[in-house]
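What follows is each chain in one-letter form.
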Amino acid sequence: MKNDMITGAEALMRALKNEGVTTIFGYPGGAIMPVFDALYDYTRGENKAFNHILVRHEQAAAHAAEGYARVSGEVGVCLVTSGPGATNTLTGVADAMMDSTPLVVIAGQVGVGALGTDAFQEVDLVGLAQPISKWSYQIRRPEDIAWAVSRAFYIARSGRPGPVVLDFPKNAQVSKTEWIPAKVDFIRSYMPCPKPDESAIAAAAELINNAEKPLVLVGQGVELGNAHNELIEFIEKADLPAARTILGLSALPTGHPLNVGMLGMHGNYAPNVKQQECDVLIAVGMRFSDRVTGPISTYARQAKVIHLDIDNSEINKCVHADVPVVGDCKVTLPAITRLLKKNNHKEWRDSFIEYNEQELKRVVEPAIHPTEGPLLMGEIVNVVAEATKGDAILVNDVGQNQMFSSRYFKYNKKRSIVTSGGLGTMGFGMPAAIGATFGAPERTVCMFCGDGGFQMNIQELGTIMEQQAPVKMIMMNNNYLGNVRQWQDMFFGQRKSFTRMLNPKYSLIAEAYGIPYALVSERDQLAEAVEKMLSTDGPYILECVIKEDDNVRPMIPPGNSVEEMLLEIEI
C-alpha cells in the first residue's frame, strides 16, 4: 500500500523534523513561498515542531544559525528565497566554512524549466557556494528531498563540521511525491572520522614523554569534538602547559593551572614567545593560522611538531608535522594519554612567569584598572567578566572589541565564545548573539561590539525586539573603525583615511525598538550600569563612550616573528 502523496514543501518539513531540527532562522520570498506555506502548520498548534525566527536580512539568518550551532553543538538551519536572498547568506556560509560551523542553508530557486534563462531572481547558487561550502546541491525532484536533506545534515555535522547549501527549485516544492524517510550515514569516499594510526599514537607519546619543554596549542577542534575532559586528562597527566587559539578559548577553563593564555597577534606574551623555545609542539584541533604563526619561515623551527586533527588536509598545509595524528581528538587524545608517563615540567612552566609578570604590569593592569582618563575597552570587558563570574557566553564582533573582549573575558564552561575567527566578519556579532540565545536559552549572552560593527547589521534590533531575545549588547563607541585606525596610526603615518565615523543617537534608536538602554561615560558609573544591564530581563543596550585612540596590546606586527611581540606601541 502506497503512502500518501505530499508536496515537496511538506516533504522538506518532514525531513527537517527527522533530523531533529527545532529552530530555523529565515526570511520568506517568492521562490520559497510554498515552503513557508508548509512551515505555517509546523510552527503552531499541537503539531508545532519548529520555532521560526524571522530575521531582518538573510546574512543575519546565516550568522544567527552560526551562533545557534556554536553554543548548542547542533546544526544551524536557515531558510531563504532565491537570488539576492540566497546570495545574502553567502558571507555567513564562507564564515562557517572558515570556522568549521555546521550549517544547512536551504534556498528557493526558480523552477527547473526556467533555469539558465536569466529568470527573475535566478542565480547559480550551487556554483557560487561550491568553493565555500562542504557540499552544495540542487534538489530538482521532490522524490530526492528526503535523501538530500539527510545527506546534507550528515555532511554538515560529521567529521570536521561545516556549511551545506541546498538549492530548491520551485517545481520540486510544489510537485507531489510519496513520502519515504531516508537516513544517510555513509558516503562512499567520504571518511569523516579517519581511524587513528596506532604507530602515530605511539610516536606522539614517545616524543611527549621525552620532551623537556612541551607546549600544547588548543584549538576549536577540542570544542567541536566535545573532548574537553580528554584534553584536561591529557595535559594533567604529563604536566603540559597549554595555550589556546581565539576559537579555542573556552575549550580549557581560564582558571586551569596549566592554561598559559591566548595565542596570536594580540594574544598573551608568554605563549607566543614560548612557541619559539619549546622542543615539542602539540597542536590539537587547530589550523596554524597566520595570525598564530606569523611567517612560517621563522615559526617554531626548533620544535618537533605533533599535529592532531580530524581533517587530513590540514596536516602539513602550513606547518610541517613530524608526527601527524589524524582522527577525532576525542579518540586520539585518550589514546596518547594512556601511553604517557606521569611527568613534572615545573621548571619549564615557571619560565613563563617572567613574561606573564611583564605583561601584567605593562599591559593588563593599565588596561583593566586605569585610574584616570576616558574609559578603556579592557576595563569594560573586565567589569562584565567579573560580574558574570565566567559563566556567560561571549559573542563579539570584529576589530578591537573582539581582541579586548576575547583577551579579558573569563571562561568556566565549554562553548562559551562565539567569534568570527577565520573570515573576520564585521556585523557578525549581533545576529550571532541572537542565535546564541536560542541555542543556549539558560545562559547569559554578552555581545561586545564597536560602533562600526553595531551598525553593520543594526536592522537585527528588529529581530531582537520581536523575539525579546535577551542579548546584553555592550557597544564600545570610539567614533572610529578602531582596528583599522590603529593600523593606520602604526603603519600608515597616522593618515586616518575614512575611519572616523559620524554616529547616530543610539538612545533614540534603542527607544524606537523598545530596548532598554543606558549610556556610560564615567568610570564610577560603570559597575552599577553593568549590574543593571545584567539584572534586566530581556535585551539591553549599554553604550560606553571610550578613549578614541585606545590600542590593542600586546601586538605582533604583521610580518614579524611571534617572539617579536610588542608590549608597548609607539605611534
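Owing to the predicted nature of the structure, the values given are computational and were not obtained by experimental measurement.

Colleague: Explanation requested: the pairing of strand β15 (residues 393-396) in the structure shown.
Modeller: On a regular strand, one side chain projects to one face of the sheet and the next to the other, so that they alternate. A two-sided burial pattern is seen for β15, the buried positions comprising Ile 393 and Val 395 on one face and Leu 394 and Asn 396 on the other. Relative to strand β16 (residues 417-418), β15 runs parallel, the two sharing two bridges. Bridge pairing in β16 places Leu 394 opposite Ile 417. Crossover connection from β15 via helix α18 (residues 400-408) to parallel β16: handedness right-handed.

Colleague: What exactly am I supposed to notice about helix α17 (residues 377-388) here?
Modeller: Owing to its 3.6 residues per turn, the α-helix aligns residues three or four sequence positions apart on the same side. The end-to-end C-alpha distance of α17 is 17 Å, a good match for the 16 Å that 12 residues give at a rise of 1.5 Å each. Every buried residue of α17 is listed here: Met 377, Gly 378, Glu 379, Ile 380, Val 381, Asn 382, Val 384, Ala 385 and Thr 388. Looking at the packing, one finds that the buried side of α17 touches α16 (353-368), α18, β17 (445-450), β18 (471-477), α24 (523-535) and β20 (540-545). Of the residues flanking the end of α17, it is Lys 389, one or two places downstream, whose phi is positive at about 55°.

Colleague: Sorry, what's going on with the sheet that holds strand β11 (residues 259-262) here?
Modeller: Hydrogen bonds along the backbone pair up the strands of a sheet, which may run parallel or antiparallel. Read from one edge to the other, the open sheet built from six strands follows the order β11-β10-β9-β12-β13-β14, with strand pairing classed as parallel. On the outer flanks of this sheet lie β11 and β14 (323-326), each paired with one strand and no other. In this sheet, adjacent strand axes meet at a mean angle of 20° when their direction is disregarded. Summarising the sheet, strand β9 (residues 214-218) and strand β10 (residues 242-244) pair through three bridges and their orientation is parallel. By the bridge assignment for β10, Val 216 is matched with Ala 242.

Colleague: I keep staring at the nonpolar core and nothing clicks. Help me out?
Modeller: Among soluble globular proteins, nonpolar side chains are generally buried collectively. Counting residues in each nonpolar core, the largest one holds 63 residues, and the members touching the most others are Leu 281, Phe 409 and Phe 448. With residues up to four places along the chain from it excluded, the contact list for Phe 409 reads Thr 254, Val 381, Val 384, Ala 385, Thr 388, Ala 392, Ile 393, Leu 394, Cys 446 and Phe 448. One finds Ala 9, Ala 38, Ile 155 and Leu 166 within the second-largest nonpolar core, a separate group that totals 40 residues.

Colleague: Sorry if this is basic, but what is going on with the sheet that holds strand β5 (residues 103-109) here?
Modeller: Strand order in the open sheet formed by six strands is β3-β2-β4-β5-β7-β6, with parallel pairing between adjacent strands. The sheet terminates laterally at β3 (51-54) and β6 (135-138), the two strands that pair on one side only. Strand-to-strand twist of the sheet, defined as the mean angle between neighbouring strand axes without regard to direction, takes the value 20°. With four bridges joining them, β6 and strand β7 (residues 163-169) adopt parallel strand pairing. Counterpart to Gln 138 in the pairing with β7 is Asp 167. Those strands touched by helix α3 (residues 58-72) are β2 (23-26), β4 (76-80) and β5, and its axis lies near 165° from that of β4.

Cut-off values and rules
Residues numbered from 1 in each chain as written. Predicted model: local features only at pLDDT ≥ 70, side-chain atom pairs only at ≥ 80, totals over all residues. Heavy atoms only, no water. Buried < 20%, exposed > 50% of the residue type's maximum accessible area, 1.4 Å probe, protein only. Helix = DSSP H or I, 4+ residues; strand = E, 2+ residues; numbered from the N terminus. Pairing = 2+ DSSP bridges. Right-handed = clockwise from strand over helix to strand, strands pointing away. Expected span 1.5 Å × (residues − 1). Contact = heavy atoms within 4.5 Å. Axes fitted to C-alpha atoms, helices over the stretch in contact; angles between N-to-C directions. Core = buried A, V, L, I, M, F, W, Y, C linked by side-chain atoms within 4.5 Å.

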